[in-house]
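# Fold and contact review
Each chain is listed here by its residues.
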Amino acid sequence: MARRIAAGTLLLVVISLLSYLLLSIPDTDVARQLLGQSADQAAVDAKNASLGLDRPVLEQYREWLLHAVRGDLGTSWFTSEDVTQAVAGRLPVTASLMLGVTLVTTVVAFLLGVWAGVRRGAVDRFVQLLGVVGYALPGFLVTLVIVLVLAVNLNWFPAIGYTAFTDSPAGWLSTVTLPVLALSVASVAGVSQQVRGAVIDVLRQDYVRTLRARGLPGSRIVLRHVLRNASAPALSVLGMQFVGLLGGAVLVEQIFGLPGVGSMAVTYTTRGDIPVIMALVVVTVIGVVLSNLLVDIAIGWLNPKARVS
């Protein structure tokens, strides 16, 4: 765990530095965008100085990093918002999607994978077909079909908008259901295939045959022994899926009009608002590191051999 945290910290510093270097070479003059095209050069130079853009890039990054480790991510150049508060206000929306997708993927993928691995035959082929189709379909097409069927035709859920959980739990659930379903299709397809393969491998082990020879019920063998040993590789894939979910959240939040981190990234990247973009880089890297850490902890709990190694 200590190695994972140290590696994550180094990764955070390196990625934020590279991002800052790339973002600090804008194609347009930020100060002139803020002041307007009619502003004279003296005013533009003064604005650049107030933003610190007249200093070397590495010096700018050093000052940003010193403030960031204290929780101060700066102020938005275009809206004058406190960046930490702005990101914190949008983070619960994206976190709701990530947690929802993780829950749906875990339940559905494990049920399908175990069903296919245990039953085999036609059931196995059916689950494999679902996995291939679900993984191959473009995300925007899946989202469009879900919106047309569940929101437009059946009118079960709102097509756009977001309701905070604190305002109305039922309204929150209705507004996150469609985005969660749209993000879950590909994730369920990938994880279910991994669960299926792992279950089949475990069922072939000698100790499973021994348990069967002792007369233990099949359901008990699957739930207490097979599923526990087959979960580790599936959890690893689930952790890797998290990175892809962050990218998918950008598209889904734009389509469903959700005020999350993904839509925020699109808006502020277009403006070239570096303080906000850097804050989003930090949040994304921390999210990836934490998800990998949680996966390692879960695998260690499920598999004592991995815990010792």
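Residues numbered from 1 in each chain as written. Predicted model: local features only at pLDDT ≥ 70, side-chain atom pairs only at ≥ 80, totals over all residues. Heavy atoms only, no water.

## Points about the overall build of the chain
Rules: Helical segments are the DSSP runs of H or I of at least four residues, strand segments are the runs of E of at least two, and each set is numbered from the N terminus. Any residue under 20% of the maximum accessible area for its type is buried, any over 50% is exposed, and the rest in between are partly exposed; the area is computed with a 1.4 Å probe on protein chains only. Only heavy atoms matter for contacts: two residues are in contact if any of them lie within 4.5 Å across the pair.
The number of helices and strands found in the chain is 13 helices and 0 strands. The order of α-helices and β-strands along the chain, N terminus first, is α-α-α-α-α-α-α-α-α-α-α-α-α. Taken over 309 residues, the chain has a buried fraction of 39%. A separation threshold of at least 6 residues defines the contact pool for the chain, and within that pool the share at least 24 residues apart is 73%.

## Concerning the side chain of Arg-196
In this fold, Arg-196 is placed in helix 8 (residues 169–203). Residues in contact with Arg-196, not counting those within four places in the same chain, are Gly-113, Ala-116, Gly-117, Arg-120, Asp-124 and Gln-128.

## Things to note about unusual backbone geometry
Positive phi outside glycine occurs at Arg-120, with the angle close to 55 degrees. Structurally, the position occupied by Arg-120 is in the loop between helix 5 (83–119) and helix 6 (121–136). Taking relative accessible area as the criterion, Arg-120 reaches 34% and is therefore assigned partly exposed.

## Quick notes on helix 4 (residues 57–68)
Worth spelling out the cut-off: Expected span, for any helix, means 1.5 Å times one less than how many residues it has. It is the directions from the helix axis to the C-beta atoms that the arc portrays.
Taking 1.5 Å of rise per residue, the 12 residues of helix 4 would be expected to cover 16 Å, and the 16 Å separating its terminal C-alpha atoms lies within 8% of that figure. Three or more residues of helix 4 are buried, namely Gln-60, Tyr-61, Trp-64 and Ala-68. Buried residues of helix 4, seen end-on, are gathered within an arc of 95 degrees and therefore sit on one face of the element. Exposed and facing more than 90 degrees away from the buried side of helix 4 are Leu-58 and Arg-62.

## Some remarks on the nonpolar core
The cut-off we apply is this: Put simply, buried Ala, Val, Leu, Ile, Met, Phe, Trp, Tyr and Cys residues joined by side-chain atoms within 4.5 Å make one nonpolar core.
The biggest cluster of nonpolar side chains holds 28 residues, and the ones touching the most others in it are Val-191, Val-195, Val-199, Val-208, Ile-221 and Val-226. For this core, the secondary structure elements donating two or more residues are helix 5, helix 6, helix 8, helix 9 (206–213), helix 10 (218–256) and helix 12 (274–302). Here this core takes 9 residues from helix 10, the largest share from any one element. If sequence neighbours within four positions are ignored, Ile-221 has contacts with Val-208, Leu-211, Arg-212, Leu-216 and Val-226.

## Describing the side chain of Thr-175
Structurally, Thr-175 can be placed in helix 8. Judged by relative accessible area, Thr-175 falls into the buried class, the value being 7%. If near-sequence neighbours (up to four positions away) are discounted, Thr-175 is found in contact with Pro-158, Gly-161, Tyr-162, Thr-163 and Leu-258.

## Overview of the confidence of the model for the chain
Atom-level detail of predicted coordinates should not be read off regions where pLDDT is low. Inclusion rule: Looking at any residue, its pLDDT shows the predictor's confidence there, from 0 to 100.
Of the residues in the chain, 90% reach a pLDDT of 70 or more, and the chain-wide mean stands at 80. Mean pLDDT per element in the chain: helix 13 (residues 304–308) is the minimum at 54, and helix 5 is the maximum at 87.

## Quick notes on the pattern of salt bridges
Applicable threshold: Any Lys or Arg side-chain nitrogen found within 4 Å of a carboxyl oxygen on Asp or Glu counts as a salt bridge.
Using the criterion set out here, one finds 3 salt bridges in the structure. Residue Arg-209 pairs with Asp-206 through a salt bridge whose shortest N-O separation is 2.2 Å. Of this pair, Arg-209 and Asp-206 both sit in helix 9, separated by 3 residues, roughly a single helical turn. Arg-209 sits in the partly exposed class, given a relative accessible area of 44%. Its relative accessible area of 54% is what places Asp-206 among the exposed residues. One network of salt bridges, in which partners are shared, links Arg-120, Asp-124 and Arg-196.

## Here we look at the environment of Asp-54
With respect to the helices and strands, Asp-54 occurs in the loop between helix 3 (41–51) and helix 4. For Asp-54, the contacting residues outside a window of four places in its chain are Asn-48 and Ala-49.

## A look at the packing of helix 9 against helix 10
Which entries qualify depends on this criterion: Axes here mean lines fitted to C-alpha atoms, for a helix over just the part in contact, with angles spanning 0 to 180 degrees between N-to-C directions. Angle categories: roughly parallel below 35 degrees, roughly antiparallel above 145, roughly perpendicular from 65 to 115, and oblique for all the rest. When residues are grouped by polarity, Ala, Val, Leu, Ile, Met, Phe, Trp, Tyr, Cys and Pro land in nonpolar, Asp, Glu, Lys and Arg in charged, and all others, Gly among them, in polar.
Following both chains from N to C, one finds helix 9 and helix 10 inclined at 175 degrees, their axes separated by 12 Å at the closest point. By the angle class used here, helix 9 and helix 10 are roughly antiparallel. Between helix 9 and helix 10, the contacting residues are Tyr-207, Val-208, Leu-211 and Arg-212 on the first element and Ile-221, His-225, Val-226 and Asn-229 on the second. Here the residues of the contact of helix 9 with helix 10 sort into 5 nonpolar, 2 polar and 1 charged.

## Remarks on the packing of aromatic side chains
Selection criterion: Only the six-membered ring of Trp is used, alongside the rings of Phe and Tyr, when aromatic pairs are assigned; centres must lie within 6.5 Å, and planes under 30 degrees apart are stacked while those over 60 apart are edge-to-face, with the rest tilted.
Counted according to the given criterion, the structure contains 2 aromatic pairs. Pairing Phe-165 with Trp-172 gives two aromatic rings, centres 5.3 Å apart and planes at 90 degrees, and the pair type is edge-to-face. For Phe-165, a relative accessible area of 47% gives the class partly exposed.

## A few points about the packing of helix 5 against helix 8
Spelled out, the test is: Throughout, a crossing is termed right-handed when the near helix is turned clockwise from the far one, and left-handed when it is turned anticlockwise from it by less than a right angle.
In the contact formed by helix 5 and helix 8, the axes pass within 5 Å of each other and the chain directions differ by 35 degrees. The element helix 5 and its partner helix 8 pack so that their crossing is right-handed. When the residues that make up the contact of helix 5 with helix 8 are grouped by side-chain class, the tally is 22 nonpolar, 8 polar and 1 charged.

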